[in-house]
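# Structural overview
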Amino acid sequence: MSDYTSANIPCALHHGEIMSFADGTKLRFESNGEAKDIFFGDEWTASVQLFPANTHDFQADGKSIRLTAQFEDSLSVEYA
């Protein structure tokens with residue numbers, strides 16, 4: 001497993017990988033079959049659940065970040 005920072009954007013996260021932002025925001029991705037669970041901070045319950053091709057935008061480091069669930073075991077992370 002790898003840990004990523006905003007310097008890695010754009011990138012793809014895989015099951016169990018974490019992305020940390022300078023403002024303290026932490027993003028964790030877990031694959032749950034077709035559903036992709038997104039956790040912010042140290043939460044144990046998914047903050048967002050995405051299915052393939054669905055997106056979710058959030059703010060971190062003063063920028064808008066877009067998450068896109070992929071059919072394979074990955075989550076695309078890019079600037080919106």
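Residues numbered from 1 in each chain as written. Predicted model: local features only at pLDDT ≥ 70, side-chain atom pairs only at ≥ 80, totals over all residues. Heavy atoms only, no water.

## Points about unusual backbone geometry
- Cis geometry marks the peptide bond from Ile9 to Pro10; its omega dihedral reads 5°.
- Along the chain, Pro10 falls in the loop between strand E1 (3-5) and strand E2 (11-14).
- Not every positive phi belongs to a glycine, and Asp61 is a case in point at roughly 55°.
- Of note, Asp61 is situated in the loop between strand E7 (55-60) and strand E8 (63-69). (Helix = DSSP H or I, 4+ residues; strand = E, 2+ residues; numbered from the N terminus.)

## Observations regarding the side chain of Glu17
- Summarising the element assignment, Glu17 is placed in the loop between E2 and strand E3 (18-20).
- From its side chain, Glu17 meets the backbone nitrogen of His14 in a polar contact 2.6 Å long. (Polar contact = N/O pair within 3.5 Å; in protein donor to acceptor, adjacent residues only side chain to side chain.)

## Some thoughts on the sheet that holds E3
- Spatial strand order, E1-E3-E4-E5-E6: five strands in an open sheet with mixed pairing. Among the strands making up the open sheet, the edge pair consists of E1 and strand E6 (48-50). Across the sheet, the mean angle from the axis of one strand to that of its neighbour is 25°, orientation sign disregarded.
- In this structure, E1 lies alongside E3, joined through three bridges in parallel fashion. For Thr5, the partnering residue across the bridge sits in E3 and is Ser20. (Pairing = 2+ DSSP bridges. Axes fitted to C-alpha atoms, helices over the stretch in contact; angles between N-to-C directions.)

## Things to note about the nonpolar core
- Residues Leu13, Met19, Leu27, Ile38 and Leu67 are the most contacted members of the largest nonpolar core, which totals 19 residues.
- Sorting the residues of this core by element identifies E2, strand E4 (26-32), strand E5 (35-40), E6, E7, E8 and strand E9 (74-79) as the ones contributing at least two each.
- Considering each element in turn, this core owes the most residues, three residues, to E8.
- Apart from the residues lying within four places of it in its own chain, the contact partners of Ile38 are Leu27, Arg28, Phe29, Ala46, Ser47, Val48, Leu50, Leu67 and Leu75. (Core = buried A, V, L, I, M, F, W, Y, C linked by side-chain atoms within 4.5 Å. Buried < 20%, exposed > 50% of the residue type's maximum accessible area, 1.4 Å probe, protein only. Contact = heavy atoms within 4.5 Å.)

## Here we look at the pattern of salt bridges
- Inspection of every chain in the model, using the stated rule, returns three salt bridges.
- With a shortest N-O distance of 3.1 Å, Glu30 and Arg28 are connected by a salt bridge.
- Take Arg28: its relative accessible area is 16%, and that puts it in the buried class.
- In this structure, Asp57 and Arg66 form a salt bridge, with 2.8 Å as the shortest nitrogen-oxygen distance.
- By relative accessible area, which is 36% here, Asp57 ends up partly exposed.
- Assessed through its relative accessible area of 28%, Arg66 is described here as partly exposed. (Salt bridge = Lys/Arg side-chain N within 4 Å of Asp/Glu carboxyl O.)

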